[in-house]
Amino acid sequence: MLATTAGVAAGAVALRTLAHQAILRGLRAPRMAHDGTHTRLAMDASRVHEVRIPGPRGRKLFGWLVLPERTPAPAVLAMHGWGANATTMWPVAPPLAAAGFAVLLLDARCHGDSDDEAFTSMPRFAEDIAAGLAWLGTRPEVQADRLALVGHSVGAAASLLHAARAGGVRGVVSLSAFAHPDEVMRRFLAEKRVPYRPLGWYVIRHVQRVIGARFDDIAPLATVRRARCPVLLVHGRHDTTAPFDDALRLQAAAAPGTGLLAVDGDHDLREALAPHVADIVDFLRQACAAAPDTIAGIEITPDSR
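Report follows, based on the coordinates. Starting afresh in each chain, residues are numbered from 1 along the sequence in its written order. The predicted origin of the model limits local features to residues at a pLDDT of at least 70 and limits the giving and counting of side-chain atom pairs to 80 or more, whereas totals for whole chains, interfaces and linings rest on all residues. Note that water and hydrogens are dropped before the side-chain values are worked out from all heavy atoms of the structure.

1. Quick look at the layout of surface pockets
- With a 1 Å grid laid over protein atoms only, a set of points is called a cavity when a 1.4 Å probe fits there but cannot get out and a pocket when it is open yet has protein on both sides within 12 Å along at least five of seven lines; lining residues have an atom within 4 Å of a point. Grid points are joined across faces, edges and corners, and a volume is the space filled by probe spheres set on the points. Empty space within the largest pocket amounts to approximately 1200 Å³.
- Lining the largest pocket are 47 residues, with W82, S153, V154, F178 and V184 positioned closest to its centre.
- Numbered from the N terminus, helices here are DSSP runs of H or I no shorter than four residues, and strands are runs of E no shorter than two. Listing elements by their share of the lining of the largest pocket, those giving two or more residues are α1 (2–27), α4 (122–136), α6 (181–191), α7 (196–211) and α8 (215–218).
- Residue composition of the lining of the largest pocket, grouped by class: 31 nonpolar, 11 polar and five charged. Residue classes follow a fixed rule: Ala, Val, Leu, Ile, Met, Phe, Trp, Tyr, Cys and Pro count as nonpolar, while Asp, Glu, Lys and Arg count as charged, and any other residue, Gly among them, counts as polar.

In structure tokens form, the structure reads like this:
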């Protein structure tokens, strides 16, 4: 009897281990190689520096530090989305550098040229953002009290999570943020034809255990209202990955004065942002120039129809 019970328990443990490994494999982000975007943009190469900075748990994070003509300067950390890398954020670097910002374009762990981990997650993206900001704070070219974030998709959600948990930034520009990770997971599972009951339900619960956070606690719908700085939501009207309604819900949940900049694009906003660069730069300038006790009142009111 004892042997039978022990065998059943061992089998259950083995089954859970196999399920855990299968879930991690299935959700692992593809590692996209840098495509040389930075070499095609018109910038003074002497102001672009490859960097490797200390990351969480002894990992190294790769990035590019782009410096403006005059330093010390306020700085913006740009964080890419899931399965992307720092090159996908390069279009924001030239206009921000021209406006007088230092820019750190960072690869999250398991992405680009940063070190690997058993898994990454939106909270781990936020840890990488925190590591990047801490490193920026030590740089003589950077005004450590004038830091801001620009993030795309999961990078946007992680930026809001950092702003809600740790603060220390003057503003967040959220590009294509989703409203709630549970909804993202359900859409992903539906695309893979995984039935929600019982498999999808188990996967979602298991992911929350692995990352050590409840989706309800880290969802942008929750963190956008707790962010300790102004937030500008930028979203494509034709986004099918994170529907435009997500942006409307985020604005409704956020603090009064939170701006929504609707652009003519889909989830990937690299080309769609060009006509709106001035609005984004103005938002960041106001956020970084304002006194810390008044930044919550900054507002941008572009057309959000």
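Picking up after the structure, the text goes on.
2. With respect to the packing of α4 against helix α5 (residues 154–165)
- Here α4 crosses α5 at 65 degrees, and the two axes come no closer than 8 Å. Between α4 and α5, the angle falls in the class roughly perpendicular. You can see that α4 and α5 cross each other, and the crossing is right-handed. Counted together, M122, P123, F125, A126, I129, A130 and L133 of α4 and V154, G155, A157, A158, S159, L161 and H162 of α5 form the full contact between these two elements.
- Here the residues of the contact of α4 with α5 sort into 11 nonpolar, three polar and no charged. Think of each axis as a best-fit line through the C-alpha atoms, taken over the contacting stretch in the case of a helix, with angles from 0 to 180 degrees between the N-to-C directions. Oblique is the label for any angle not under 35 degrees, not over 145, and not in the 65 to 115 range, which are roughly parallel, roughly antiparallel and roughly perpendicular in turn. Each crossing gets its hand from how the near helix is turned against the far one by less than a right angle, where anticlockwise is left-handed and clockwise is right-handed. The contact criterion used throughout is that any non-hydrogen atoms of two residues lie within 4.5 Å.

3. Structural notes on the packing of aromatic side chains
- Here a pair means two rings of Phe, Tyr or Trp (six-membered ring of Trp) with centres within 6.5 Å. Their orientation is stacked below 30 degrees between planes, edge-to-face above 60, and tilted elsewhere. Scanning the entire structure with this criterion turns up three aromatic pairs.
- Here the aromatic rings of F62 and W64 are separated by 5.1 Å at their centres, their planes lie at 80 degrees, and the arrangement is edge-to-face. As far as the burial class goes, F62 and W64 line up, both buried.
- Between W82 and F125, the aromatic rings sit 6.1 Å apart at their centres with planes inclined by 20 degrees, giving stacked as the arrangement. One end of the pair, W82, is in the loop between β3 (73–79) and α3 (93–98); the other, F125, is in helix α4, and 43 residues separate them in sequence.
- Summary of the burial criterion: residues with accessible area below 20% of their type's maximum are buried, those above 50% are exposed, and those between are partly exposed, where the area comes from a 1.4 Å probe applied to protein chains only. Taking relative accessible area as the criterion, F125 reaches 0% and is therefore assigned buried.

4. Focus on α6
- Taken together, the buried positions of α6 are P181, D182, M185 and L189. The arc enclosing the buried residues of α6, seen along the axis, measures out at 100 degrees, which places them on a common side. Residues of α6 that are exposed and angled more than 90 degrees away from the buried face: A190 and E191.
- One or two steps after α6, the chain reaches R193, where phi turns positive at roughly 60 degrees. In this context, the arc is that of the directions from the helix axis out to the C-beta atoms.

5. Considering the environment of L149
- Its location among the elements puts L149 in strand β5 (residues 142–152).
- Placed 71 residues apart in sequence, L149 and A78 show a C-alpha to C-alpha distance of 6.0 Å.
- Setting aside residues no more than four positions away along its own chain, L149 makes contact with V76, L77, I129, L133, S159, H162, V169, G171, V172 and V173.

6. Re empty space enclosed by the protein
- Tallied over the full model, the rule gives one cavity of 30 Å³ or more.
- In this structure, the largest cavity spans a volume of roughly 30 Å³.
- Every residue lining the largest cavity is listed: S174, S176, A177, L233, V234, H235, A247 and L250.
- Elements represented by at least two residues in the lining of the largest cavity include exactly β7 (231–236) and α10 (244–253).
- Considering every element that reaches the lining of the largest cavity, the biggest residue donor is β7, with three residues.
- Residues belonging to the lining of the largest cavity are distributed by class as follows: five nonpolar, three polar and no charged.

7. Focus: the pairing of β7
- Burial of β7 is extensive: six of the six residues sit out of reach of the surface.
- Alternating positions in β7 separate into two faces, V231, L233 and H235 on one and L232, V234 and G236 on the other, with burial throughout.
- At least two bridges found by DSSP between two strands is the condition for calling them paired. Alignment of strand β6 (residues 172–175) against β7, held across four bridges, turns out to be parallel. Bridge pairing in β7 links V173 to L232.
- Bridge count between β7 and strand β8 (residues 259–263): five bridges; the pairing is parallel. Bridge pairing links V234 to L261 in β8.
- Crossover handedness is defined here as right-handed if the route from the first strand over the helix to the second strand goes clockwise, with the strands pointing away from the viewer. Between the parallel pair β7 and β8, the chain is carried across by α10, and the sense of this crossover is right-handed.

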